Amino acid sequence: GTGTLARNPEIKWRLQPRDLTDLHQRQVLILRAALSKLSPGGRVIYSSCSLEPEENEQVIEEVIQGSHFRVCSVRDELSLLQREGELVYHDLNGLIDGDYLRTLPGRVPTDGFFAAIVKRP
């Protein structure tokens, strides 16, 4: 929940560095469970309201390492949403970090979020 610190400042007093290890492992289990149910050609959107790499790209990297799953770039999906009028925010570059969606408070008018698209071939 570190992406919501602006609205929930008490989070910084509750979280301990050791919590990141536990949160990482929980997220890995959740993502693995979701991917185990995925049909060929299916996709999972993994998302968190965390700014921490331990809950974001490190989860994705650990889960897909050595598997047949792959990360898809969010750029195409966001562009499609823009064309369809579902996404009115115009600065896609401000939302994209490599293949991932990442919003940072102060840079975009929202909380901090992370999202990745994981696809089964």
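Scroll up to find the structure.
Residues numbered from 1 in each chain as written. Predicted model: local features only at pLDDT ≥ 70, side-chain atom pairs only at ≥ 80, totals over all residues. Heavy atoms only, no water.

1. Concerning the overall build of the chain
Phase 1 of the analysis: The helix and strand inventory of the chain stands at 4 helices and 5 strands.
Phase 2 of the analysis: When the elements of the chain are put in sequence order from the N terminus, they spell out α-α-β-α-β-α-β-β-β.
Phase 3 of the analysis: For the chain, with 121 residues in total, the buried portion stands at 38%.
Phase 4 of the analysis: Once local pairs closer than 6 in sequence are excluded, the contacts in the chain between residues at least 24 apart make up 63%.
Phase 5 of the analysis: Taken as a whole, the chain presents about 7,400 Å² of accessible surface, with 53% of it coming from carbon and sulfur. (Helix = DSSP H or I, 4+ residues; strand = E, 2+ residues; numbered from the N terminus. Buried < 20%, exposed > 50% of the residue type's maximum accessible area, 1.4 Å probe, protein only. Contact = heavy atoms within 4.5 Å. Areas by Shrake-Rupley, 256 points an atom, 1.4 Å probe, with all protein chains shown as cover.)

2. What to know about the nonpolar core
Phase 1 of the analysis: One finds L31, L35 and I60 to be the most contacted residues of the largest nonpolar core, which totals 16 residues.
Phase 2 of the analysis: Where this core is concerned, the elements lending two or more residues are α2 (17–36), β1 (43–48), α3 (57–64) and β5 (113–119).
Phase 3 of the analysis: Counting residues per element, this core draws most heavily on α3, at 4 residues.
Phase 4 of the analysis: L35 has contacts with V44, V63, F69, V118 and R120, leaving out every residue within four places of it along the chain.
Phase 5 of the analysis: Membership of the second largest hydrophobic core comes to 11 residues, among which are V74, L92, I96 and L101. (Core = buried A, V, L, I, M, F, W, Y, C linked by side-chain atoms within 4.5 Å.)

3. Topic: the pairing of strand β4 (residues 100–103)
Phase 1 of the analysis: Burial along β4 is two-sided: Y100 and R102 and L101 and T103, pointing in opposite directions, are all buried.
Phase 2 of the analysis: Here 2 bridges tie strand β3 (residues 96–97) to β4, and the two strands are oriented antiparallel to one another. Paired with I96 across the strands is L101, a residue of β4.
Phase 3 of the analysis: Between β3 and β4, which pair antiparallel one after the other, the connecting turn spans 2 residues, and G98 there sits at a positive phi close to 65°. (Pairing = 2+ DSSP bridges.)

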